[in-house]
Amino acid sequence: MKTSVVVPVTLAALVLSGCGKNDDDNDGGETAGAAIGVAMPTKSSERWIADGANVKKELEGKGYKVKLVFGEDDPDQQVSQIENLITQGVKALVVAAIDNKSLNNVMQQAADSDVPVIAYDRLILGTANVDYYASFDNEKVGEMQGGYIADKLGLRDGSKKGPFNIELFAGSNDDNNTRYFFKGAMNVLQPYLDKKQLVVRSGQDKLNQITTLRWDGGTAQKRMEDILTSSYKSEKVDAVLSPYDGISIGIISALKSDAYGSQGKPWPVITGQDAELASVKSIIADQQKQTVYKDLRKLARVAAEMVDATLKGKKPPINDTKSYNNLVKVVPAYLLQPVSVDKANYEKVLVEGGWYSEDDLK
Ligand code: GAL
């Protein structure tokens, strides 16, 4: 993974749109050298390591000092890390929540200390004390995953009628993105389920039956193994909706143990998200079929721009003021566009796009 190669992308329009009325060239002044706290959820997935590095680099490029912490997917640990950052006097916080509802008290502490908060990729729920949200169009991520399955099975263009067997996986139930990904996927898949062109043999098709705590691949593997044992005797799985590469890897392990990928048992259409290195290699090897790539360099740039504008009293980049209600208020957001990646376009998107080199993918 090219975490070290953080090629600046041209977001001129976005940056310009961040220049508000009181654009008084106050670049520096009291904000120069201020410390910003960045709280990422875990180092167990390479994307968050890249996020931490990218946000740090973007903020340092604007003259800030950065205090970067990673929770170990432990909500309590993240709360105390953020408390510490506030105590250390950070001037703003960028937070990718582990548990979207566990941060209310510490967000209140931030507000009491006049520390603005940018929710990074994952919205923080149930508090007025979150200022802006930087993320991707998460519903569209799900639509790309569901759409890929409908396309590859030949359902969307009507060339095949099915019925096909599908199993459904969702992300962590404490991550607000989970329901957006699922909703997006179901926007596409539900009509085929209704017409029985797609069949969930396990019967587990409700969000609360298919979530995967902390997005853990091992948990997904175990659930897939159980489903294969209980619901597939002579039948085979044709597609698996997976919301995230780490989950896809667990699903693939379970399928491999059940002889998928060998004669007579072709790999199902398996989706994913984040274009993590192992999954891109898996796509090249024809196991996982798709991932949804989100250019984290752009996300980091938006978050840093939000911090900078907020501290300088300028208008931050915002392109959505309706989609993300956090149960207390609609949080103004900047949503970037995801890209569906498979074997046909990974070179163009990921290699030519500077995310991976050819050597990384060998
Ligand atoms: C989500 C994020 C996904 C994926 C997942 C697991 O919040 O939007 O891109 O990274 O967490 O880490």
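Source: prediction; values computed, not measured.

Within the largest apolar cluster, 41 residues are counted, with the highest numbers of intra-cluster contacts made by Met40, Leu59, Val94, Tyr120 and Leu350. Considering each element in turn, this core owes the most residues, 8 residues, to helix 11 (residues 296–311). Each of domain 1 (11–130 + 296–336) and domain 2 (138–293) accounts for three or more of the residues forming this core. Counting 28 residues, the second largest nonpolar core, distinct from the first, contains Val79, Val95, Val117 and Tyr324.

On to the pairing of strand 5 (residues 132–136), then. Across the 5 residues that make up strand 5, a large majority, 5, are buried. By the alternation rule, side chains of strand 5 split into Tyr132, Ala134 and Phe136 and Tyr133 and Ser135, which are all buried. With 3 bridges connecting them, strand 4 (residues 117–120) and strand 5 associate as parallel partners. Among the inter-strand pairings, tyrosine 120 is bridged to a residue of strand 5, identified as alanine 134. Bridge count for strand 5 against strand 11 (residues 333–336) is 4 bridges, and the pairing is parallel.

Okay, the pattern of salt bridges next. The final tally for this structure, using the stated rule, is 20 salt bridges. In this structure, the salt-bridge partner of aspartate 51 is arginine 47, at a minimum N-O distance of 2.9 Å. You can see aspartate 51 and its partner arginine 47 sitting in helix 2 (residues 46–61), 4 residues apart, about one turn around the helix. Take aspartate 51: its relative accessible area is 0%, and that puts it in the buried class. Its salt-bridge partner being lysine 183, residue glutamate 139 comes within 3.1 Å of it at the nearest N-O pair.

Right, let's get into helix 8 (residues 217–231). With 15 residues, helix 8 ought to run about 21 Å at 1.5 Å a step, and its terminal C-alpha atoms sit 21 Å apart, in line with that. By the burial criterion, the buried members of helix 8 are Gly217, Ala220, Arg223, Met224, Ile227, Leu228 and Ser231. The buried residues of helix 8 occupy an angular sector of 140 degrees when the element is viewed end-on, so they sit on one face. Facing away from the buried surface of helix 8 by more than 90 degrees, the exposed residues are Thr229 and Ser230. The elements touched by buried residues of helix 8 are strand 6 (164–168), helix 7 (207–210), strand 8 (239–241) and helix 9 (245–257).

If you walk through the whole model with that rule in mind, you get 6 aromatic pairs. Geometrically, the ring pair formed by phenylalanine 181 and tryptophan 215 is edge-to-face, given 6.1 Å between the ring centres and 65 degrees between the ring planes. Here phenylalanine 181 is found in helix 6 (residues 177–194), whereas its partner tryptophan 215 is found in the loop between helix 7 and helix 8, with 34 residues between them in sequence. Owing to a relative accessible area of 12%, tryptophan 215 belongs among the buried residues under this scheme. Each ring, one from tryptophan 355 and one from tyrosine 356, has its centre 6.5 Å from the other, and the planes form 70 degrees; the classification is edge-to-face. This pair shows no difference in class: tryptophan 355 is buried, exactly as tyrosine 356 is. Members of the aromatic cluster, joined through ring pairs, are Tyr133, Tyr180 and Tyr324. The cationic tip of arginine 47 hangs over the ring face of tryptophan 48; the distance from NZ or CZ to the ring centre is 3.7 Å.

Around the ligand lies a shell formed by Arg47, Trp48, Asp121, Arg122, Asp175, Asn177, Phe181, Trp215, Tyr244, Gln273, Asp274 and Lys294. Take tryptophan 48: an N or O atom from its side chain is 2.9 Å from an oxygen atom of the ligand. Here asparagine 177 contributes a side-chain N or O atom positioned 3.0 Å from an oxygen atom of the ligand. Those elements giving two or more residues to the shell around the ligand turn out to be helix 2 and helix 6.

What counts, and where the lines are drawn
- Residues numbered from 1 in each chain as written.
- Predicted model: local features only at pLDDT ≥ 70, side-chain atom pairs only at ≥ 80, totals over all residues.
- Heavy atoms only, no water.
- Core = buried A, V, L, I, M, F, W, Y, C linked by side-chain atoms within 4.5 Å.
- Buried < 20%, exposed > 50% of the residue type's maximum accessible area, 1.4 Å probe, protein only.
- Helix = DSSP H or I, 4+ residues; strand = E, 2+ residues; numbered from the N terminus.
- Domains from an automatic or database assignment.
- Pairing = 2+ DSSP bridges.
- Salt bridge = Lys/Arg side-chain N within 4 Å of Asp/Glu carboxyl O.
- Expected span 1.5 Å × (residues − 1).
- Arc of directions from axis to C-beta.
- Contact = heavy atoms within 4.5 Å.
- Phe/Tyr/Trp six-rings, centres within 6.5 Å; stacked < 30°, edge-to-face > 60°.
- Lys NZ or Arg CZ within 6 Å of the ring centre and 35° of its normal.
- Near = heavy atom within 4 Å.
- Polar contact = N/O pair within 3.5 Å; in protein donor to acceptor, adjacent residues only side chain to side chain.

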